[in-house]
Amino acid sequence: MSKPEDSKSGAANPLWGGRFAEGPSEIMERINASVSFDRRLAGQDIAGSKAHADMLAACGIISDADNAAIQKGLDTIADEIAAGEFVFDPALEDVHMNVETRLKALIGEPAGRLHTGRSRNDQVATDMRLWLRDTMDAVEDGLRDLQAALIGQAETHAATVMPGFTHLQPAQPVTFGHHMLAYVEMFGRDRGRIADARARLNESPLGSAALAGTSFPIDRAMTARALGFDRPTANSMDGVADRDFALEFLGAATIIAVHLSRIAEELVIWTSPHFGYVRLPDGLTTGSSIMPQKRNADAAELVRGKSGRVLGALVALATMLKGLPMTYGKDMQEDKEPVFDAAESLMLALPATTAMIAGLTVDTAALHRATAAGFLTATDLADWLVRTLGMPFRDAHHVTGRIVKLAEDKDVTLDALSLSEMQGVEPRIDEGVMAVLSVEASVASRTSLGGTAPANVAAAAAEARRRFLS
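First, a word on scope: everything that follows refers to the structure included in this document. (Residues numbered from 1 in each chain as written. Predicted model: local features only at pLDDT ≥ 70, side-chain atom pairs only at ≥ 80, totals over all residues. Heavy atoms only, no water.)

What follows is about the overall build of the protein. Looking only at helices and strands, the protein has 18 helices and 6 strands in total. Taking 2.2 N^0.38 as the reference for a compact globule, 470 residues should give roughly 23 Å; the C-alpha atoms of the protein span a radius of gyration of 31 Å, well beyond that estimate. Considered along the principal axes of its C-alpha atoms, the protein spans approximately 100 × 55 × 40 Å. A burial count over the protein gives 47% of its 470 residues as buried. Of all intrachain contacts in the protein linking residues separated by at least 6 positions in sequence, the fraction that spans at least 24 positions is 74%. (Helix = DSSP H or I, 4+ residues; strand = E, 2+ residues; numbered from the N terminus. Rg over C-alpha atoms; globule rule 2.2 N^0.38 Å. Buried < 20%, exposed > 50% of the residue type's maximum accessible area, 1.4 Å probe, protein only. Contact = heavy atoms within 4.5 Å.)

Here's what the structure looks like:
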C-alpha cells in the first residue's frame, strides 16, 4: 500500500497548513502526535465515519456516489488495519488524519467531503465513547465471571468453618462460603456502577463539530442511532468538552481495582505457610531464583499492584481536566493514555483473579485448626449469658472477658474449660453453656439475614446465582 503523505521537511501540515507557511518543528511534531496511542481507536473512528457519511448522503449533503466510495474506502482501511498492513504516520498527528489521508489515497476527491459538518473535536469524543462503551461491556463480563467463580466456591464451602477477622485479629467463626459471598456483593455493586456509567456515556457528540454545531442540515439523531447511542448530546459545547464519561469509568474502575486488591491481599496472606488456608494452582504462582522452597503468589501480588495504576489514572485525568475552560484544549489529548492503561490493567487483573478463585484448593482442616486460636466463641458465651441469665450485655462482656483470661492462662480453648472453672467466675452458669462454645455451634446459630449459618450461606449462594448470573 502507499504511505500516507509526509508533512516533514518544512512542508505545511496537510491538515491546517493553509494558515502556516512552514511545517511544525521536530519537537512540536513529537509532542503534538498522538497516533502512537490513539491508533487503538481506529475501529471506532471508521465506524463513526461510516455513520457520518451515510447521514451526509441521506441529508443530501454529499452524493450517493461519494458515499459509496467513502464506505468502500473505509472498509478497505479496516481490512488493512486488521491485517496489520496499515502504516500509521506520526507526522499526521492522530488516528483521524491517518485514516482520512489513506482514504484520500484510495478514493481521491470524495474523501475530502467526509469531514463536512464535523470536527476532530466531536470525532474524538465520539470515538472515545464508543471505545469505552465496548470496554465497559468487557469489564462487566469480567466481573460476572469473577462472581461465578466466587459463588462456586461459596456453594462448595457453605459449611467450611474458618476464622473471621477484624483488625486482622481472630474475631468470630464464619464459613469460607460466607467469606466468598461478601466479595460477590462487592463486585455486584461494581457491576452496577459500570452499568450506571455506561448509561450516562451513551449519548453521541457527533455533529457538535468544533464547539458550536454546524450550519449544514445534518441529522444527529440518525448517526446516534447508527452507532448504538440512545440520543445525541443536547449541547454542542458540552459535547466536545465533556470527559465525565472517562472520569466515571476511571472512578468505577478504581473501586473495582480496590476490591480486587483486597481479595488479592487475602490470597497472599492465606497462601503463606503461616496461614496455609488455600493453595493456588501452580500456573498462577512463581518460584525463586535462589530459594528453591519458595512458592510465591505473584499473580495476587500483581493484581494488588495494579490498583495503584488505576487510581493513578483517575488522579491524572481529574487533574488534567480541572483547570480547563470550555471547550476543547489540546490538554485533552492526555485523556487517552490513562484511560487505556487503566482499562488494560483492569482487564488483566479481572481474569487473573477469576482464575485464582476458580482454581484455588481450600485446606478445610487448616481452616478448622485456625478456629482454635483467638477464643472465637467468646461472643457466643456473652450472648448466652444475656439470653439465659438475663445479664445486661455490658456485664456479660465483662464476665466473658474474665473467662477468656482464665482460658488464656491455662492455654486452652473456651470449650475445654470445665463447668466448675467457669462457675468460679459466674456461679449461675450451668451445663447448657457447653452447647454454644464450639465453632460449629457458633456458625450454626448465626441465622439472621446475611448471617454465616451454613444453611443461610447455601441459600444466599443460590440467590446470588439467580441475582447475578441468570
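Let us look at the pattern of salt bridges. Evaluated as defined, the whole model comprises 26 salt bridges. A salt bridge links Lys50 to Asp75; the shortest N-O distance between them is 2.9 Å. Of the two residues, Lys50 sits in helix α3 (residues 42-58) while Asp75 sits in helix α4 (residues 64-82), which places them 25 residues apart along the sequence. A relative accessible area of 21% means that Lys50 is categorised as partly exposed. With a relative accessible area of 36%, Asp75 lands in the partly exposed category. (Salt bridge = Lys/Arg side-chain N within 4 Å of Asp/Glu carboxyl O.)

The next point concerns the pairing of strand β1 (residues 161-166). Bridge count between β1 and strand β2 (residues 169-175): 6 bridges; the pairing is antiparallel. Bridge pairing links Met162 to Val174 in β2. As consecutive antiparallel partners, β1 and β2 are separated by 2 residues, and within that stretch His167 has a phi angle of approximately 60°, a positive value. (Pairing = 2+ DSSP bridges.)

What follows deals with a nonpolar patch on the surface. Among the surface-exposed residues, Ile27, Met28 and Ile31 lie close enough to one another that they form a single nonpolar patch of about 320 Å² accessible area. Inspection of the secondary structure assignment puts Ile27 in helix α1 (residues 26-32). For Ile27, a relative accessible area of 51% translates into the label exposed. (Patch = residues over 30% accessible without salt bridge, like charges linked within 9 Å, V, L, I, M, F, W, Y side chains within 5 Å. Areas by Shrake-Rupley, 256 points an atom, 1.4 Å probe, with all protein chains shown as cover.)

Using the criterion set out here, one finds 7 aromatic pairs in the structure. Between Trp131 and Phe340, the ring centres sit 4.7 Å apart and the planes meet at 65°, which makes this aromatic pair edge-to-face. Within this pair, whereas Trp131 is found in helix α6 (residues 120-156), its partner Phe340 is found in helix α12 (residues 336-359), the two being separated by 209 residues in sequence. On the basis of relative accessibility, which here comes to 11%, the residue Trp131 falls in the buried class. Overall, the relative accessible area of 2% leaves Phe340 in the buried class. Residues Phe176 and Trp270 carry aromatic rings whose centres are separated by 5.6 Å and whose planes lie at 50° to one another, so their mutual orientation is tilted. Note that Phe176 is positioned in helix α7 (residues 176-201) and Trp270 in helix α10 (residues 244-271), a separation of 94 residues in sequence. (Phe/Tyr/Trp six-rings, centres within 6.5 Å; stacked < 30°, edge-to-face > 60°.)

A separate point is the packing of α4 against helix α5 (residues 95-107). How two helices pack is summed up by the angle between their axes together with the distance between the axes. The interhelical angle for the contact between α4 and α5, taken along N-to-C directions, is 120°, at an axis separation of 9 Å. The chirality of how α4 crosses α5 is right-handed. Where α4 approaches α5, its residues Ala69, Ile70, Gly73, Leu74, Thr76, Ile77 and Glu80 are matched on the opposing element by Val99, Arg102, Leu103, Leu106 and Ile107. Considering only residue class, the contact of α4 with α5 consists of 8 nonpolar, 2 polar and 2 charged. (Axes fitted to C-alpha atoms, helices over the stretch in contact; angles between N-to-C directions. Left-handed = near helix turned anticlockwise from the far one by under 90°. Nonpolar A, V, L, I, M, F, W, Y, C, P; charged D, E, K, R; others polar.)

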